[in-house]
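Examining the three-dimensional arrangement
Below are the chains, spelled out letter by letter.
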Amino acid sequence: MSEDRKVTIVEVGPRDGLQNETRVISTEDKLGLIALLADAGFSRIESAAFVSPRWVPQMADHHVVMRRAERRPGLVLSALVPNEKGAAAAIEAGAQELAVFTSASETFTLKNINCTIKESIERFKPVLALAARHGIPVRGYVSCAMDCPFEGPINPWSARSVADRLVALGCTEIAVADTIGCATPDGVGKMLAEILKSIPVSILACHFHDTSGLALANVDVALGYGIGIFDSAAGGLGGCPYAPGASGNLASGVLARHLTMLGYQHGIDMARLDEAETFALQVKSVSPKASKPRALGR
Ligand code: HMG
Ligand code: MG
């Protein structure tokens, strides 16, 4: 099989998968999940979010998780950070990659990180500078790249404009996100066609939630555009506490099996992934699903 049939799966379960759970999930369980995912062969695991514990209590142990998660050759542990404070703490705890996050929707940005899109970009400047000093790459998320729970359909141009600003800041990868899992293949195609006018396909990743059951169809469209990086979460856990209606991420096992069926290499050991997904679902099953977004912002 040729090299260009390789796809990277970025596992976001320990962060996006767990952030929406109301029950306190123990640090040991988070570390156990990360270890099982590493055993399964993921090369990139988004392991924690260095956000305000008042806004997302589930991630309050971010520092311990990141510091104690086992380092392995070929594995990059990344941290979601909203600002310089989070970036400094994540780097201090040993994060090997950072991810900043903003959105193509003004309303969602305000609800999620309590600032405008423009202000979020300003906040990221010191994050990028700090990361550069430490030689750490920074991914930039564009949430609500197609649909917003507050504003409805998003113009593809808005997603491109935000992606362009993140690249101009120095982000080395852009993850376009269907935050509430309502995007259609048509919407994904239109958004990617627009973004690819200015951003190289090699640095674009797709982050699909699966509320409408269309995530795999959306993956197929993205593959058609040459996208080679996809996010997923063990067991299909996940959701954003500030995006009403956002349900789980595309499940890692579902994605990996689909890619295998299409002839793509992803390097994941399916038996090990099954173990990790079983564990993820056990961790979650004792927990009533979080649903109420906490309104803390302006
Ligand atoms: P704010 O209240 O405007 O912040 O929140 P502030 O600067 O006024 O600070 C308020 C307090 O928070 C202060 O503490 C700060 O020190 C503290 P106090 O003086 O009151 O004790 N603080 C922090 N603490 C820890 N870590 C930090 C940090 N920054 C400030 N980094 C803020 C602004 C961005 C902090 C807040 O809105 C926040 O944390 N939001 C995070 C929301 C979130 O995590 N959402 C889910 C992740 S995004 C997502 O899921 C989408 C994604 O998956 C892609 C997709 O699917 O679309 C990525
Ligand atoms: Mg997400």
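See the structure shown above.
The structure presented is a predicted model; accordingly, all values stated were derived computationally and were not measured.

Observations concerning the overall build of the protein
Scanning the protein from N- to C-terminus turns up 11 helices and 10 strands. Taken over the C-alpha trace, the protein has a radius of gyration of 17 Å; the compact-globule value for 298 residues is 19 Å, and the two agree within 12%. With the C-alpha coordinates aligned to their principal axes, the bounding extent of the protein is approximately 45 × 40 × 40 Å. Residue pairs in contact within the protein that sit at least 24 positions apart in sequence constitute 76% of those at least 6 positions apart. Accessible area for the protein stands at about 11,600 Å²; split by element, carbon and sulfur atoms hold 56% of it.

Quick notes on helix α8 (residues 185-195)
Taken residue by residue, α8 has V188, G189, M191, L192, E194 and I195 as its buried positions. Contacts from the buried residues of α8 go to α7 (156-169), β8 (173-178), β9 (204-208) and α9 (215-224).

As for the coordination of the magnesium ion (ligand 2)
At this site the magnesium ion (ligand 2) is bound by D16 (OD), H207 (NE2) and H209 (NE2), with donor distances of 2.0 to 2.3 Å. Within one chain, the residues donating to the magnesium ion (ligand 2) are spaced in sequence as D-x190-H-x1-H. Separated by 193 residues along the polypeptide, D16 in helix α1 (residues 13-17) and H209 in the loop between β9 and α9 bring together distant segments of the chain. As far as burial versus exposure is concerned, D16 and H209 are alike and both buried.

Some points on the pairing of β9
With five of five residues buried, β9 lies mostly within the body of the structure. Here five bridges tie β8 to β9, and the two strands are oriented parallel to one another. Its bridge partner being in β9, A175 is matched across the sheet by A205. The handedness of the β8 to β9 crossover, carried by α8, is right-handed.

With respect to the packing of helix α2 (residues 27-39) against helix α11 (residues 270-285)
In a pair of packed helices, the angle between the axes and the distance between the axes together describe the arrangement. It is at 8 Å that the axes of α2 and α11 come closest, and there the two elements cross at 165°. Accordingly, the angle class assigned to the pair α2 and α11 is roughly antiparallel. Handedness of the α2/α11 crossing: left-handed. Note on element contacts: α11 touches α2 through R272, L273, E275, A276, F279, A280 and V283, opposite D29, G32, L33, L36, L37 and D39. Here the residues of the contact of α2 with α11 are counted per class, giving eight nonpolar, one polar and four charged.

Remarks on the nonpolar core
If you look at the biggest cluster of nonpolar residues, it comprises 106 residues, and the most contacted ones within it are L98, V142, L166, V176 and F230. No other element matches helix α6 (residues 117-134), which puts seven residues into this core. The residues contacting L166, other than those within four sequence positions of it, are V100, T102, I121, F124, G140, Y141, V142, C171 and I174.

What about the packing of aromatic side chains?
In this structure the tally under the stated criterion is one aromatic pair. An angle of 50° between the planes, with centres 5.2 Å apart, marks the rings of W55 and Y242 as tilted. With a gap of 187 residues between them, W55 in the loop between β2 (44-49) and α3 (62-68) and Y242 in the loop between β10 (229-232) and α10 (252-261) connect regions that are remote in the sequence. For the residue pair W55 and Y242, the accessibility class agrees, reading buried in each case. Positioned above the aromatic ring of Y141 is the side chain of R139, whose terminal nitrogen or guanidinium carbon lies 5.1 Å from the ring centre.

Here we look at α6
Residues lying three or four places apart along an α-helix face the same way, a consequence of the helix completing one turn every 3.6 residues. A rise of 1.5 Å per residue sets the reference length of α6, with its 18 residues, at 26 Å; its end C-alpha atoms lie 26 Å apart and thus fit the reference within 8%. The largest bend along α6 reaches roughly 25° and is located at F124, with the proline P126 sitting one to four residues downstream. Among all positions of α6, only I117, S120, I121, F124, V127, L128, L130 and A131 are buried.

Cut-offs used in this document
- Residues numbered from 1 in each chain as written.
- Chains lettered and ligands numbered in written order.
- Predicted model: local features only at pLDDT ≥ 70, side-chain atom pairs only at ≥ 80, totals over all residues.
- Heavy atoms only, no water.
- Helix = DSSP H or I, 4+ residues; strand = E, 2+ residues; numbered from the N terminus.
- Rg over C-alpha atoms; globule rule 2.2 N^0.38 Å.
- Contact = heavy atoms within 4.5 Å.
- Areas by Shrake-Rupley, 256 points an atom, 1.4 Å probe, with all protein chains shown as cover.
- Buried < 20%, exposed > 50% of the residue type's maximum accessible area, 1.4 Å probe, protein only.
- Donors = N, O, S within 2.8 Å, 3.2 Å for Na, K, Ca; no water.
- Pairing = 2+ DSSP bridges.
- Right-handed = clockwise from strand over helix to strand, strands pointing away.
- Axes fitted to C-alpha atoms, helices over the stretch in contact; angles between N-to-C directions.
- Parallel < 35°, antiparallel > 145°, perpendicular 65-115°, else oblique.
- Left-handed = near helix turned anticlockwise from the far one by under 90°.
- Nonpolar A, V, L, I, M, F, W, Y, C, P; charged D, E, K, R; others polar.
- Core = buried A, V, L, I, M, F, W, Y, C linked by side-chain atoms within 4.5 Å.
- Phe/Tyr/Trp six-rings, centres within 6.5 Å; stacked < 30°, edge-to-face > 60°.
- Lys NZ or Arg CZ within 6 Å of the ring centre and 35° of its normal.
- Expected span 1.5 Å × (residues − 1).
- Bend = angle between axes of the 7 residues up to and from the residue.

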